Every structure is written in structure tokens, then in C-alpha cells.
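Residue-level listing of the chains:
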Amino acid sequence: MNRRLLLLMLALLFFLSANLHLCCRAAVDGEWTQTRYSLADARRGELAAYAAAEEICPRAARMPKVEQRLSLSFRPPDGGSADLSARILTRVRGVSQLCAVSAEGRYFGTVADADRLEEKLRAALYTSIPAGAAHARYADDVEITPVYGRSGSAMSPADMAMVVAQLVPAVFTDREGNRIMG
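These numbers were taken from a predicted model, which means no experiment stands behind them.

1. Thoughts on the packing of aromatic side chains
Here the distance between the centres and the angle between the planes together describe a pair of aromatic rings.
Argument step 1. Scanning all chains against the criterion turns up zero aromatic pairs.
Argument step 2. In this arrangement the basic side chain of Arg69 is found over the ring face of Trp32, its NZ or CZ atom lying 4.1 Å from the centre.

2. Observations regarding the pattern of salt bridges
Argument step 1. This model, assessed by the stated rule, comprises four salt bridges.
Argument step 2. Close ionic contact of Glu31 with Arg91 constitutes a salt bridge, the shortest N to O distance being 2.3 Å. Here Glu31, found in strand β2 (residues 31-32), pairs with Arg91, found in the loop between α3 (81-89) and β4 (95-103); they are 60 residues apart in sequence, far enough to count as distant.
Argument step 3. Among the salt bridges present, the one from Arg116 reaches Glu119, with a minimum N-O distance of 3.0 Å. Of this pair, Arg116 and Glu119 both sit in helix α4 (residues 114-127), three residues apart, which is roughly one turn of that helix.

3. Some words on the nonpolar core
Argument step 1. Ranked by size, the top nonpolar core spans 17 residues in total, and within it Val101, Phe108, Leu117, Met160 and Val164 carry the most contacts.
Argument step 2. For this core, the secondary structure elements donating two or more residues are β4, β5 (106-111), α4, β6 (135-138) and α5 (157-167).
Argument step 3. Of the residues forming this core, the biggest block, four residues, is contributed by α4.
Argument step 4. Residues Val28, Ile56, Cys57 and Ala61 belong to the second largest nonpolar core, which totals 16 residues.

4. Quick look at the side chain of Arg36
Argument step 1. Position of Arg36 relative to the elements: it lies in the loop between β2 and α2 (39-56).
Argument step 2. Despite its burial, Arg36 pairs with no opposite charge, the nearest such side chain being Asp78 at 4.1 Å.
Argument step 3. The contact partners of Arg36, leaving out residues within four places of it in the chain, are Cys23, Cys24, Arg25, Ser73, Arg75, Pro76, Pro77, Asp78 and Gly79.

5. Considering the packing of α2 against α3
Argument step 1. Interaxial distance between α2 and α3 falls to 8 Å at its minimum, and their mutual angle equals 40 degrees. Regarding the angle of α2 to α3, the classification is oblique. Here the hand of the crossing between α2 and α3 comes out right-handed. Listed contacts from α3 to Asp41, Ala42, Arg44, Gly45, Glu46, Ala48, Ala49, Ala52 and Ala53 of α2 are Ser81, Leu84, Ser85, Ile88 and Leu89.
Argument step 2. Its residues assigned to classes, the contact of α2 with α3 shows eight nonpolar, three polar and three charged.

6. A look at the sheet that holds strand β3 (residues 66-73)
Argument step 1. A sheet is described by the order of its strands in space; here three strands give the open sequence β2-β1-β3, paired in antiparallel fashion. Single-partner strands in this sheet number two, and they are β2 and β3.
Argument step 2. Contacting β1 (21-28) and β3, α2 crosses the sheet at an angle of about 165 degrees to β3.
Argument step 3. The strands touched by α3 within the sheet are β1, β2 and β3, with β1 carrying the most contacts at an inclination of about 15 degrees.

Analysis parameters
- Residues numbered from 1 in each chain as written.
- Predicted model: local features only at pLDDT ≥ 70, side-chain atom pairs only at ≥ 80, totals over all residues.
- Heavy atoms only, no water.
- Phe/Tyr/Trp six-rings, centres within 6.5 Å; stacked < 30°, edge-to-face > 60°.
- Lys NZ or Arg CZ within 6 Å of the ring centre and 35° of its normal.
- Salt bridge = Lys/Arg side-chain N within 4 Å of Asp/Glu carboxyl O.
- Helix = DSSP H or I, 4+ residues; strand = E, 2+ residues; numbered from the N terminus.
- Core = buried A, V, L, I, M, F, W, Y, C linked by side-chain atoms within 4.5 Å.
- Buried < 20%, exposed > 50% of the residue type's maximum accessible area, 1.4 Å probe, protein only.
- Lys, Arg positive; Asp, Glu negative; His and termini not counted.
- Contact = heavy atoms within 4.5 Å.
- Axes fitted to C-alpha atoms, helices over the stretch in contact; angles between N-to-C directions.
- Parallel < 35°, antiparallel > 145°, perpendicular 65-115°, else oblique.
- Left-handed = near helix turned anticlockwise from the far one by under 90°.
- Nonpolar A, V, L, I, M, F, W, Y, C, P; charged D, E, K, R; others polar.
- Pairing = 2+ DSSP bridges.

Everything listed here is a matter of coordinates, which is why it stays silent on function.
Below, the structure is given as C-alpha cells:
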């Protein structure tokens, strides 16, 4: 009987240890979240944020204080290195979250407000729409990608929309889908 009990306890111990995950929680400038990271993801996220801040800032970047607490959990880690990098970079003075604007491989620059840029791009299209056209679009897809960059280096959405409207041709179609020259 004792032997069976010992084997059952060993099996239970092996089962529990096989399902435990070594995780860490990270605090950026003393702000803790419930997100759990694997040790490798936490290290990668921290290193990526430091490297990005050093590249973006003209002088040595003043990095926020990052603390980690290790724990064992039955649930797997739910955060990734990109999440932690974003949390760190938002706290670095001189670094802002911007949006890079490009179309078919051509890079136009960055803006701070993607929603306002999309409004301005639509307005630029529909103010130049010829008579008889029902739909308007840019010939190339305008890609707006979130990036981090130096604070104050972004163009205004109105200026960016003007640049895009000049360099990316517009396509106008009527209700039947026939192309109309603008």
C-alpha cells in the first residue's frame, strides 16, 4: 500500500512540475502589469528597446527603470517581447510612437496621427474627383505602419497628404467600374 501511495505521489509531482512555467512580470518605472513573459521574451524585449532608443535618440537615451519578478505559473506566458519593448519605449524621453507612410516601396516620412492622415488622404481624393466618378482610390495602397521615432520629427498630416496626393496617382471609376481620367 505504501509503495502505491509513493508512486501516486511521484506521478502527481511529475505531472505538476511538467505543467509549471517559469515566468516573469516586468515593471517599467514602477508600473507593474499582470502580463507574464518568458525569461527569453523579457530579455529580448528589454534589449530591443534599449537598442531602438539608442538609435533614435541623438544623445545617450535615458532609459526607464525595468524590474523583473520571477514566478512559477500553471498558465503559459501571455506577453511577447514586442509588448515589453513598446512599454519601455513609451517611457523614453525623446522617443514617440509615430506612423511611417509608404506606397509601393516609396517611403514618404512619418506622421504622429494616423487617423488624421487618413482623413486628409480621403479629403484629397474626393476634392479632386471628376464629374461622373462614383469611386476614388489611390493607384497604390498607401501603407501606414506604426514605428518609433524621434519626438518632433513627424510631418503634419496635411503636409503628408499633399505629398502622397502629388506622388501617388488617383484612380477614379464610375458606377459600372469604368475608369475615368481625372
